[in-house]
Amino acid sequence: KMTLRLRDQAERLENDKQYLGDSLADISHQLRTPLTSIRMIVSRLANENQSVEQQQDDIRKVYTLLDRTEWLISTLLKIARLESGTVQFAEEPILVETLVKEVIEPLEILMDFKDIQLSCNIGDGVSFDGDQLWSFEAISNILKNCIEHGEMGGKLEINASENPIYTEIVVSDNGVGFQEKDIPHLFERFYRGSNAVKESAGIGLNLSRMIITKQNGTITAANKSGGGAQFTIRLYKGAI
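Residues numbered from 1 in each chain as written. Predicted model: local features only at pLDDT ≥ 70, side-chain atom pairs only at ≥ 80, totals over all residues. Heavy atoms only, no water.

K.L.:
I'm lost on the nonpolar core in this one. Help?
P.N.:
Soluble globular proteins: nonpolar side chains tend toward being buried together. By size, the foremost hydrophobic cluster in this structure holds 48 residues, and its most contacted members are L143, I169 and F231. Counting only elements with at least two residues in this core, the list comes to helix 2 (52-84), helix 3 (96-104), helix 5 (132-149), strand 4 (155-162), strand 5 (166-173), helix 6 (204-214), strand 6 (217-223) and strand 7 (229-236). Top element by residues in this core is helix 5. It accounts for seven residues. What I169 contacts, discounting residues up to four positions off in sequence, is V96, F128, I139, I158, N159, A160, F231, T232, I233 and L235. (Core = buried A, V, L, I, M, F, W, Y, C linked by side-chain atoms within 4.5 Å. Buried < 20%, exposed > 50% of the residue type's maximum accessible area, 1.4 Å probe, protein only. Helix = DSSP H or I, 4+ residues; strand = E, 2+ residues; numbered from the N terminus. Contact = heavy atoms within 4.5 Å.)

Written out as structure tokens, the structure is:
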């Protein structure tokens with residue numbers, strides 16, 4: 001029995017080592033792309049023959065890439081904290097309507113740019129017990145995913161309801177939806193589906209699932225019957 005136990009432990013350690021190595025390689029790749037682009041742009045800025053307009057355009061690109069790099073590092077650090085078990089989630093009543101309003105506010109500019117119409121149907125007093133800041137992060141990543149993959153002049157819907165067993169939040173759009181082969185892998189880290197936007201790093205949905213799972217919840221993704229993507233979040237009131 002001791003031999004079998006030691007063998008199992010050695011296999012788990014080897015798997016953890018392999019996972020860590022793969023994760024570091026993926027993180028390195030994700031960060032190398034924007035940093036390489038920044039290096040190329042800075043070299044171009046040193047060219048004295050560039051016009052003022054070209055310089056201003058390059059500077060804007062650098063700021064965009066720096067923002068992306070900062071977001072990548074921040075998100076990866078959040079994932080690392082969750083995996084290490086060092087995060088203590090608060091358990092306080094959260095009104096879904098208030099949470100959605102807070103999440104939507106910083107996304108309004110992107111929605112206006114793509115002329116996306118928002119439709120909310122949230123029942124009065126619908127709530128769940130959880131951590132406000134981490135829940136903000138989870139819902140924000142899901143909404144950003146729908147907005148980024150939504151079409152110009154599209155529609156974003158948020159419905160929420162509550163029953164004695166769970167609180168349900170459904171987020172959907174009328175975009176291109178998912179390829180069926182991608183659906184089982186959408187919440188895997190660094191996975192980019194067939195319809196992913198070029199800037200996607202494949203970590204936002206993974207982080208959302210981790211946060212929701214830590215709060216006694218589940219999240220699933222599917223294609224709507226009328227077209228578009230749909231995310232269904234259920235936050236349970238008891239053990240699942």
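K.L.:
What's the story with the side chain of D131 in this structure? I'm lost.
P.N.:
Tracing the backbone through its elements, the reader meets D131 in the loop between strand 3 (127-130) and helix 5. Side-chain polar atoms of D131 contact the backbone nitrogen of L133, separated by 3.2 Å. In this structure, D131 is in contact with Q88, F89, A90, I94 and Q215, ignoring residues within four places of it in sequence. (Polar contact = N/O pair within 3.5 Å; in protein donor to acceptor, adjacent residues only side chain to side chain.)

K.L.:
What am I meant to see in a nonpolar patch on the surface here?
P.N.:
A surface patch of nonpolar side chains, amounting to about 310 Å² of accessible area, comprises I59, Y63 and L66. Relative to the elements of secondary structure, L66 occurs in helix 2. (Patch = residues over 30% accessible without salt bridge, like charges linked within 9 Å, V, L, I, M, F, W, Y side chains within 5 Å. Areas by Shrake-Rupley, 256 points an atom, 1.4 Å probe, with all protein chains shown as cover. Salt bridge = Lys/Arg side-chain N within 4 Å of Asp/Glu carboxyl O.)

K.L.:
Which parts of the structure should I look at to understand empty space enclosed by the protein?
P.N.:
Picture a little ball the size of a water molecule; that probe, rolled over the atoms, points out where space is still empty. Evaluated as defined, the whole model comprises two cavities of 30 Å³ or more. Approximately 60 Å³ is the volume found for the largest cavity. Lining the largest cavity we find F128, S135, A138, I139, I169, I212, Q215, I233 and L235. Secondary structure elements with two or more residues in the lining of the largest cavity: helix 5 and strand 7. Ranked by residues supplied to the lining of the largest cavity, first place goes to helix 5 with three residues. Taken as a whole, the second largest cavity encloses approximately 40 Å³ of empty space. Taken together, I116, C146, I147, G150, E151, G154, K155, L156, D173 and N174 form the lining of the second largest cavity. Where the lining of the second largest cavity is concerned, the elements lending two or more residues are helix 5 and strand 4. Per-class residue counts for the lining of the second largest cavity are four nonpolar, three polar and three charged. (1 Å grid on protein atoms, 1.4 Å probe; cavity = no way out; pocket = protein on both sides within 12 Å on 5 of 7 lines; lining within 4 Å. Points joined across faces, edges and corners; volume = space filled by probe spheres on them. Nonpolar A, V, L, I, M, F, W, Y, C, P; charged D, E, K, R; others polar.)

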